[in-house]
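A look at the structure
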Amino acid sequence: MQPLTPQSFVRALVSFPLGIVAGVLGTVVHRSTVPWGLLAALGLVLAFTVTVRAWAGWPGYVGIAGGVFLALMVLTQTGPGGDVLVPGGENVDHAWLGVAWLGGAMVALIVAAGVPRRWFDPTPRPLRVPARPDGTGGSEQPAAPDEPATPARP
């Protein structure tokens with residue numbers, strides 16, 4: 001578990017407006033060219049979320065997920081002039097598109113939450129010693145400093 005530091009709170013606060021930007025851009029783009037606009041919008045949300053999670057960890061993830069969710073909930077409402085950015089129903093060419101955008105954005109957030117933390121770990125992995133033809137070797141640990149490392153035979 002990552003420690004909660006002032007830096008993590010600042011990153012979470014910065015992640016919230018990034019989530020709003022991803023939600024607004026995705027809402028505007030998802031109807032542009034069917035189905036490519038939808039796929040681009042979902043890719044944008046997924047890329048933003050995975051990037052923020054790698055940069056800020058779970059506090060940043062909560063921030064960006066909250067921003068995306070807030071943007072989607074606000075932009076699905078009917079505007080003051082009766083405009084709707086995420087229409088649905090019988091009067092629309094592609095009634096499934098709005099549902100696909102809202103559901104797909106939530107799925108993208110869940111997928112980004114499920115990415116293993118080791119993908120974001122900057123520590124290098126230990127060197128792998130190749131196995132010898134006689135079947136010995138091949139361990140994940142390098143040779144001890146006082147023992148000379150034997151190269152693998154061709």
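Model, not experiment: these values are computed from the prediction. (Residues numbered from 1 in each chain as written. Predicted model: local features only at pLDDT ≥ 70, side-chain atom pairs only at ≥ 80, totals over all residues. Heavy atoms only, no water.)

1. A short note on the overall build of the protein
Counting secondary structure elements, the protein contains three helices and zero strands. In the protein, the succession of α and β elements from N to C terminus is α-α-α. Relative to its full complement of 154 residues, the protein shows a buried share of 26%. A separation of at least 24 residues holds for 70% of the contacts in the protein among residues at least 6 apart in sequence. Of the accessible surface of the protein, which amounts to about 10,200 Å², a share of 67% is contributed by carbon and sulfur atoms. (Helix = DSSP H or I, 4+ residues; strand = E, 2+ residues; numbered from the N terminus. Buried < 20%, exposed > 50% of the residue type's maximum accessible area, 1.4 Å probe, protein only. Contact = heavy atoms within 4.5 Å. Areas by Shrake-Rupley, 256 points an atom, 1.4 Å probe, with all protein chains shown as cover.)

2. Remarks on the packing of aromatic side chains
What the rule picks out here adds up to one aromatic pair. A ring pair is formed by Trp-58 and Tyr-61, whose centres lie 5.2 Å apart and whose planes are at 80°; its orientation type is edge-to-face. Of this pair, Trp-58 and Tyr-61 both sit in helix H2 (residues 36-75), three residues apart, roughly one helical turn. Tyr-61 sits in the buried class, given a relative accessible area of 12%. (Phe/Tyr/Trp six-rings, centres within 6.5 Å; stacked < 30°, edge-to-face > 60°.)

3. Digging into the side chain of Ser-8
Inspection of the secondary structure puts Ser-8 in helix H1 (residues 6-29). For Ser-8, a relative accessible area of 9% corresponds to the buried category. The residues touching Ser-8, leaving out its near neighbours within four places in the chain, are Pro-3 and Pro-59.

4. Description of the environment of Phe-16
Within the secondary structure, Phe-16 is located in helix H1. Distance from Phe-16 to Val-62, taken between C-alpha atoms, is 8.1 Å for residues 46 residues apart in sequence. In this structure Phe-16 touches Gly-63, Ile-64, Gly-66, Gly-67 and Leu-70, once residues within four positions along its chain are discounted.

5. Points about the packing of H2 against helix H3 (residues 96-113)
If you want to describe how two helices pack, look at the angle between their axes and the distance between the axes. Two elements in contact, H2 and H3, have axes whose closest approach is 8 Å; the angle formed by their N-to-C orientations is 30°. Compared by their axis directions, H2 and H3 come out roughly parallel. Crossing of H2 against H3: the hand is right-handed. When its residues are assigned to classes, the contact of H2 with H3 shows 25 nonpolar, two polar and one charged. (Axes fitted to C-alpha atoms, helices over the stretch in contact; angles between N-to-C directions. Parallel < 35°, antiparallel > 145°, perpendicular 65-115°, else oblique. Left-handed = near helix turned anticlockwise from the far one by under 90°. Nonpolar A, V, L, I, M, F, W, Y, C, P; charged D, E, K, R; others polar.)

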